[in-house]
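Summary of the model geometry
The chain contents come next:
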Amino acid sequence: MATDVHRPVSSRTAQAGQATQASPAAHAVPVPQAVHVDGLTRSFDGRAVIDRLRLDVRPGEFVALLGRSGCGKSTLLRILAGLDRDIEGTVLVPRRKAVAFQAPRLMPWKKVWRNVVLGLPGKPDRAVAERALKEVGLDHRTDAWPKTLSGGEAQRASLARALVREPDLLLLDEPFGALDALTRIKAQRLVGELWQRRGCAVLLVTHDVEEAVLLADRVLVMDGGVIAHEQRVDLDRPRDITDPRFAELRAGLLERLGVDTAAEAA
Amino acid sequence: MSISHAPPSSPEADISLKSGPENPTTVDVVPLLPSSSRRTRVPRWLRRTTGPVLLLLLWQLLSSTGALTADVLASPGRIAQVGGDLIADGSLTSAMGTSLQRVAAGLALGTLVGTGLALVSGLFRVGEDLVDAPVQMLRTVPFVGLIPLFIIWFGIGEAPKVAIITLGVTFPLYLNVYAGIRGVDAQLIEAGESLGLSRWGLVRHVVLPGALPGALTGLRYSLGIAWLALVFAEQVNADSGIGFLMVQARDFLRTDVIVVCLIVYAFLGLLADFIVRSLERLLLQWRPTFTGR
Ligand SMILES: Nc1ncnc2c1ncn2[C@@H]1O[C@H](COP(=O)(O)OP(=O)(O)OP(=O)(O)O)[C@@H](O)[C@H]1O
Ligand SMILES: [Mg+2]
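You'll find chain B entered in an unreviewed UniProt entry as ABC transporter permease, with Streptomyces muensis given as the organism. Of the comments in the UniProt record for chain B, the one headed Subcellular location (unreviewed entry) reads "Cell membrane". UniProt, in the comment section headed Sequence similarities (unreviewed entry), describes chain B in these words: "Belongs to the binding-protein-dependent transport system permease family."

Under an unreviewed UniProt entry, the name given to chain A is ABC transporter ATP-binding protein, and the source organism is Streptomyces muensis.

Written as structure tokens, this is what we have:
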């Protein structure tokens, strides 16, 4: 059963749409949300990887998601992207959403700019792609074949492909995982800037606590199939990693990610 | 010890000189030459033609010394002369035309059937259940074994010949296109879905381009088999074509004509291969390939 809930979410995010598998308890959400997840369960072979999970993301909010490897972060992201419908519970996501996967996943048989505009409605315009590529600093590789891109370039192309869709929700699955330290810092800065300019809600999956504290309004720790911990980050932007409050938040989160977290959350 | 070859910015040379503190003077340094200087100066085409030319010379030598008699194998000179005569009186060109037509018709039909079936069973699960099992079963029947049956069904005109070629072409193409479709990276399909592509959009932008390398491999196999099928088909009940020329020549012990026909077969095969290679270069530009050293 799929119910479309057309309701203005905010002045900027046009509409919340597409409730995949709305439960009978799909009650009105008090605050407008870009993402509203309630009672979400996803099992693989009888094992619940996500177990009655709750999650709300405000429009324009930057949320980082941490958690042990294999705890279900990518699974959650795929569900929010609408790529996995074998679920129970309520999921409300914006109609316009875009994903950048951990691996760039560019179509190798399409030139970079054609990859960027792939799937856009109507006849895609090269200028649109060029603009998006310029935003990620890749306008000189517009006509390249994806296989000739460096790892970092491919990930930026993938990011441009997500951004060109002007999403209300941007889902990023460890997009900087394969980058060297310097490119990584540049890419983080880029995402921060683009987010501030575009004002879309972002859910960033990452393994890097520092990255999470640097970019996010709110850091979530996933464990045991639920959001086990939540940490606001009220530092001013641009953030300074040498700030003692930054170090404090980082230390707290690292502790949360430690072995004894599970017992505490249960 | 020469380190003149070492690139100026490379730290390796320094490190290797420092390592081995016991006797630092005897480090075994190997020059890594740039690949261009390792190439021989002889141009590639010359290197590639030397072998065949030497073979030809040896053959001519054996023939003119009488070690190789004409009823075993005619000499290259004789073959060239006969080839010239056959072209001059038009019999070779008309035979070639007929044979080419048969191959073209069989290839076109087989491509249509093979890719059609592969698309049906590759793209739809229902199609797979219906099509794949029978095709896999038929595939195990050696297609030349069907010639007698085809003659009974289609008579002795063009139809059985084209049918045999069609059959031979269909299976390798089916297998490769099907495997190509099923081998498309699921992650790319998921990415396409996340970009909002429709079902047809996925097929057009992700599945088919992804299956193209496999399809072209299949086409190359098919072409090889098409010539083979042609040879078989034309040696049974033919009254025209290269195969017919060969059968005739056999009856008159004309080894020279037979060799001319074989050369024509080889030439046509090379031409077909060239066409597929050009197609691959054109359609698979996106794929960086290993070109050998
Ligand atoms: N298609 C599937 N079939 C069976 N099990 C699956 C499938 N996909 C994921 N899983 C399991 O679900 C769990 C969560 O996987 P997921 O990919 O969401 O982890 P993750 O949190 O993203 O981990 P990582 O940080 O390593 O990327 C894992 O135990 C994984 O083995
Ligand atoms: Mg993951």
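This is not the end of the story, as more comes after the structure.
On to the interface of chain B and chain A, then. Between chain B and chain A, the residue contacts involve 17 residues of the former and 16 residues of the latter. On the chain B side of the contact with chain A, Glu190, Leu195 and Trp286 of chain B bury the most area, a combined 40% of that side's loss. Summed over the shared surface of chain B and chain A, the result is 2 salt bridges. Between Arg105 of chain A and Glu190 of chain B there is a salt bridge whose closest N-O contact spans 3.1 Å. Taken together, the links from chain B to chain A amount to 6 residue pairs in polar contact (both at pLDDT 80 or more). Among the elements that line the side of chain B that touches chain A, the one with the most residues is helix H9 (residues 186–194) of chain B, at 7 residues. Partitioning the side of chain B that touches chain A into residue classes produces 8 nonpolar, 7 polar and 2 charged.

The next subject is the pattern of salt bridges. Per the stated rule, a full pass over the model turns up 32 salt bridges over all chains. A salt bridge links Asp84 of chain A to Arg78 of chain A, with the shortest nitrogen-to-oxygen separation between them at 3.9 Å. Judged by relative accessible area, Asp84 of chain A falls into the buried class, the value being 5%. Relative accessible area serves as the criterion here: at 27%, Arg78 of chain A is assigned to the partly exposed category. Across the salt bridge formed by Asp256 of chain B and Arg78 of chain B, the nearest N and O atoms sit 3.2 Å from each other. Of this pair, Asp256 of chain B sits in helix H12 (residues 255–283) while Arg78 of chain B sits in helix H4 (residues 76–88), and the two are 178 residues apart along the sequence. Under the relative-accessibility criterion, Arg78 of chain B is labelled partly exposed at 36%.

Residue and element names in this part refer to chain B. Feature annotation in UniProt places "transmembrane region" (unreviewed entry) on residues 103–124, 136–156, 162–181, 225–245 and 257–276, given in this structure's numbering. Within the segment residues 136–156, helix and strand shares are 57% and 0% respectively, and the terminal C-alpha atoms sit 28 Å apart. For the annotated span residues 225–245, helix accounts for 67% and strand for 0% of the residues, and the straight-line distance between the end C-alpha atoms is 20 Å.

Residue and element names in this part refer to chain A. The environment of ligand 1 is formed by 13 residues, the closest being Ser69, Gly70, Lys73, Ser74 and Thr75. Between Gly70 and ligand 1, the recorded distance is 2.7 Å, taken from a backbone N or O atom to an oxygen atom. Ser74 is positioned with one of its side-chain polar atoms (N or O) 2.7 Å from an oxygen atom of ligand 1. In the complex, 61% of the free accessible area of ligand 1, which totals 630 Å², lies under the protein chains. Looking at the shell around ligand 1, the elements with two or more residues in it are strand S4 (47–57) and helix H1 (73–80). Ranked by residue count, the leading element in the shell around ligand 1 is H1, at 3 residues.

For the rest of this paragraph, the subject is the confidence of the model for chain B. As a general rule, the predicted coordinates of low-pLDDT regions are not to be interpreted in detail. All names here are of chain B. The share of residues in chain B with pLDDT of 70 or more is 89%, and the mean pLDDT across the chain is 86. Note on residues 1–8: pLDDT under 50 across the span, and 8 contacts to partners over four residues away in sequence or across chains. Contacts for the low-pLDDT stretch residues 15–19, under 50 throughout, to residues beyond four places or in other chains number 4 contacts. Two summary scores accompany this predicted model of the complex, namely pTM at 0.77 and ipTM at 0.80.

Core analysis: the largest hydrophobic core is formed by 93 residues, its most contacted members being Leu40, Leu53, Leu76 and Leu80 of chain A. In terms of residue count, the dominant contributor to this core is helix H10 (residues 199–234) of chain B (13 residues). Residue contacts for Leu80 of chain A: discarding those within four places in its chain leaves Val35, Val37, Leu55, Val91, Val93, Lys97, Leu171 and Leu203 of chain A. Among the nonpolar cores identified, the runner-up in size contains 48 residues, and Val191, Leu215, Val219 and Leu253 of chain A belong to it.

Residue and element names in this part refer to chain B. Interaxial distance between H4 and helix H5 (residues 91–123) falls to 4 Å at its minimum, and their mutual angle equals 75°. Of the possible angle classes, the one that applies to H4 and H5 is roughly perpendicular. Contact with H4, carried on its side by Gly83, Leu86 and Ile87, involves Ser91, Leu92 and Thr93 of H5 and no other residues of that element. Its residues assigned to classes, the contact of H4 with H5 comprises 3 nonpolar, 3 polar and no charged.

In this section: empty space enclosed by the protein. Rolled over the atoms, a probe sized like a water molecule indicates the empty space that remains. Residues and elements named next belong to chain B. Counting across every chain of the model gives 3 cavities of 30 Å³ or more. In this structure, the largest cavity spans a volume of roughly 70 Å³. Taken together, Ile147, Phe150, Ile151, Ile156, Pro160, Lys161, Ile164, Ala233, Val236 and Asn237 make up the full set of residues lining the largest cavity. Of all elements in the fold, only helix H7 (147–154) and helix H8 (158–182) reach the threshold of two or more residues within the lining of the largest cavity. When grouped by side-chain class, the residues that make up the lining of the largest cavity number 8 nonpolar, 1 polar and 1 charged.

Residue pairs three or four apart in sequence face the same way in an α-helix, which turns once every 3.6 residues. Residues and elements named next belong to chain B. Over its 13 residues, H4 runs 18 Å from end to end, which matches the ideal 18 Å to within 8%, given 1.5 Å per residue. Within the sequence span of H4, burial applies to Pro76, Ile79, Val82, Gly83 and Leu86. For H4, the arc enclosing every buried residue in end-on projection is 120°, short of the 170-degree limit, so these residues lie on one face. In this structure, H4 carries Ala80 and Ala88 as exposed residues pointing more than 90 degrees from its buried face.

Time to look at the side chain of Arg105 of chain A. By secondary structure assignment, the location of Arg105 of chain A is in the loop between strand S7 (97–100) and helix H2 (112–117). For Arg105 of chain A, a relative accessible area of 14% puts it in the buried group. Here Gln187 of chain B takes part through its backbone oxygen, which lies 3.2 Å from a polar atom of the side chain of Arg105 of chain A. With near-sequence residues (within four places) excluded, Arg105 of chain A lies in contact with Arg161 of chain A together with Gln187, Leu188, Glu190 and Ala191 of chain B.

Calculation criteria
- Residues numbered from 1 in each chain as written.
- Chains lettered and ligands numbered in written order.
- Predicted model: local features only at pLDDT ≥ 70, side-chain atom pairs only at ≥ 80, totals over all residues.
- Heavy atoms only, no water.
- UniProt positions renumbered as here; feature names shortened; annotations may be inferred.
- Contact = heavy atoms within 4.5 Å.
- Buried area = accessible area lost by both parts, 1.4 Å probe.
- Salt bridge = Lys/Arg side-chain N within 4 Å of Asp/Glu carboxyl O.
- Polar contact = N/O pair within 3.5 Å; in protein donor to acceptor, adjacent residues only side chain to side chain.
- Helix = DSSP H or I, 4+ residues; strand = E, 2+ residues; numbered from the N terminus.
- Nonpolar A, V, L, I, M, F, W, Y, C, P; charged D, E, K, R; others polar.
- Buried < 20%, exposed > 50% of the residue type's maximum accessible area, 1.4 Å probe, protein only.
- Near = heavy atom within 4 Å.
- Areas by Shrake-Rupley, 256 points an atom, 1.4 Å probe, with all protein chains shown as cover.
- pLDDT = per-residue confidence, 0-100.
- Core = buried A, V, L, I, M, F, W, Y, C linked by side-chain atoms within 4.5 Å.
- Axes fitted to C-alpha atoms, helices over the stretch in contact; angles between N-to-C directions.
- Parallel < 35°, antiparallel > 145°, perpendicular 65-115°, else oblique.
- 1 Å grid on protein atoms, 1.4 Å probe; cavity = no way out; pocket = protein on both sides within 12 Å on 5 of 7 lines; lining within 4 Å.
- Points joined across faces, edges and corners; volume = space filled by probe spheres on them.
- Expected span 1.5 Å × (residues − 1).
- Arc of directions from axis to C-beta.

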